[in-house]
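In case you want the letters, here they are:
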Amino acid sequence: MSAKPPRIAVLGSFMQACCWSVDRLPRPGETLRARGFVAEAAGKGLAVAVGCHRLGARVDLLMAIGNDTPADSLLSWLHGEGLDTRRILRCGQPSGHGAGFIGADGDNQIVVHPGANEALGPDQIAAAEEDIASAALLYAQLEVPLDTVRAALARARAHGVLAVLNPSPWQALPDDVLACTDVLVVNAGEAQALLECALPAGRDQRLRAIASALPSLWRRWPGNWLVVTLGDQGSAAWSRDGAHHVAAPIPTRIVKTIGAGDAFSAGLCRALAGGRSMAAALETAGACAAWSIAHPGILASLPDRDGLRAMLRTGA
């Protein structure tokens with residue numbers, strides 16, 4: 001990574017996560033007794049911002065939070081972490097909240113309510129135009145309104161800033177949003193929806209299915225890279241010019257899987273913003289995801305630079 005810290009603008013989201021540990025995931029209509037419970041700060045954009053910050057980037061976090069106790073606690077924690085909070089909007093509605101069930105095998109089910117995240121609008125993006133213009137990379141996700149994502153990506157495009165979009169929670173992407181996106185980061189389920197094709201279970205079969213569906217995507221999307229995370233099968237990236245990289249998973253113990261995708265995105269963004277190749281960025285991203293899986297917590301499990309180096313050397 002470059003010696004000078006790159007600047008990354010992150011379209012953030014805050015969810016107060018409440019997670020129950022269960023022996024197995026509940027069936028429809030079933031009540032289970034949990035064996036553990038934890039409440040902590042989370043959110044796709046927030047986790048990516050914290051992850052990039054811990055990896056040494058200068059992060060401008062654009063986010064909305066409520067006027068409630070979880071928001072107070074988050075601001076205090078961010079100040080302690082050393083993250084800049086000047087672009088965080090406080091509003092009168094409750095902060096976003098999420099509920100998750102985590103099975104003994106690490107599988108999970110998650111439901112979220114956006115709350116204050118819906119208050120982040122194009123006006124806040126316009127106010128942060130200087131920050132976006134100065135960034136090496138802008139990261140966006142869909143836990144905030146689509147109009148806000150559209151505005152942020154358009155400003156990144158206008159200033160020649162690399163724009164990375166994780167379209168999660170999934171929704172169909174309008175052409176104007178796609179047109180301003182340079183890099184799409186999706187998991188296997190999102191890839192099926194984006195490419196409109198079923199993905200088989202095996203890794204090699206999945207890679208072939210994605211490659212076969214790509215020509216249709218390139219015809220409607222002028223972007224440069226599609227990155228697909230494949231869970232315990234690693235990750236892969238395809239370029240418009242035909243380049244293709246596959247990263248094997250890093251073996252690690254599984255403590256939990258919630259947050260691994262955001263840790264992956266943080267590592268990917270930090271590496272790309274620092275001028276690394278896509279192949280190197282996939283390796284960094286995979287190591288960040290593996291570190292997250294091997295440690296408890298959501299924000300707490302995001303690696304710093306020492307953790308990343310340790311994972312790249314030996315695994316966990």
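Before any of the text, the structure's been laid out above.
Residues numbered from 1 in each chain as written. Predicted model: local features only at pLDDT ≥ 70, side-chain atom pairs only at ≥ 80, totals over all residues. Heavy atoms only, no water.

This next bit is on the sheet that holds strand S12 (residues 235-239). In spatial order, the strands read S5-S4-S1-S8-S9-S10-S11-S12-S13; together these 9 strands make up an open sheet with mixed pairing. In this open sheet, the two strands that pair with only one neighbour each are strand S5 (88-90) and strand S13 (244-247). Recorded for the sheet is a direction-independent mean angle of 15° between the axes of neighbouring strands. Note that strand S1 (residues 7-11) and strand S8 (residues 137-141) share 3 bridges and pair parallel. Residue pairing in the sheet places Ala9 in a bridge with Leu138 of S8. (Pairing = 2+ DSSP bridges. Helix = DSSP H or I, 4+ residues; strand = E, 2+ residues; numbered from the N terminus. Axes fitted to C-alpha atoms, helices over the stretch in contact; angles between N-to-C directions.)

Sheet architecture is open: 4 strands sit in the order S3-S2-S6-S7, paired in mixed fashion. Each having just a single partner strand, strand S3 (36-42) and strand S7 (108-113) make up the two edges of the open sheet. Pairwise comparison of adjacent strand axes, ignoring direction, gives a mean angle of 15° for this sheet. One ladder, built from 6 bridges, connects strand S6 (residues 96-102) with S7; its direction is antiparallel. Note that in S7 the partner of His97 across the bridge is His113.

This next bit is on the packing of helix H9 (residues 260-273) against helix H10 (residues 278-293). Put simply, H9 and H10 touch, their axes get as near as 7 Å, and they point 145° apart. For the pair H9 and H10, the crossing hand works out as right-handed. Across from Ala260, Ala263, Phe264, Gly267, Leu268, Ala271 and Leu272 in H9, the residues of H10 making contact are Met278, Ala281, Leu282, Thr284, Ala285, Gly286, Cys288, Ala289, Ser292 and Ile293. Across the contact of H9 with H10, the residue classes break down as 13 nonpolar, 4 polar and no charged. (Left-handed = near helix turned anticlockwise from the far one by under 90°. Contact = heavy atoms within 4.5 Å. Nonpolar A, V, L, I, M, F, W, Y, C, P; charged D, E, K, R; others polar.)

Right, let's talk about H10 for a bit. Here H10 is 16 residues long and its end C-alpha atoms lie 22 Å apart, about the 22 Å a rise of 1.5 Å per residue gives. Burial analysis of H10 places 12 of its 16 residues in the buried class, which makes it a mostly covered element. Taken as a whole, H10 has its buried residues at Met278, Ala280, Ala281, Leu282, Thr284, Ala285, Ala287, Cys288, Ala289, Ala290, Ser292 and Ile293. (Expected span 1.5 Å × (residues − 1). Buried < 20%, exposed > 50% of the residue type's maximum accessible area, 1.4 Å probe, protein only.)

A separate point is the packing of helix H1 (residues 44-54) against helix H2 (residues 69-81). Two numbers describe how H1 lies on H2: the axes approach to 12 Å, and their chain directions differ by 15°. By the angle between their directions, the pair H1 and H2 is classed as roughly parallel. As H1 runs across H2, the sense of the crossing is left-handed. In this structure, H1 uses Leu46, Val50, His53 and Arg54 to contact H2, whose residues at the interface are Leu74, Trp77, Leu78 and Glu81. Of the residues belonging to the contact of H1 with H2, the class tally is 5 nonpolar, 1 polar and 2 charged. (Parallel < 35°, antiparallel > 145°, perpendicular 65-115°, else oblique.)

In this structure, Ser239 sits in strand S12. Here Ser239 falls in the buried class, since its relative accessible area comes to 9%. In this view, Ser239 contacts Trp218, Asn224 and Trp225; residues no more than four positions away in its chain are not counted.

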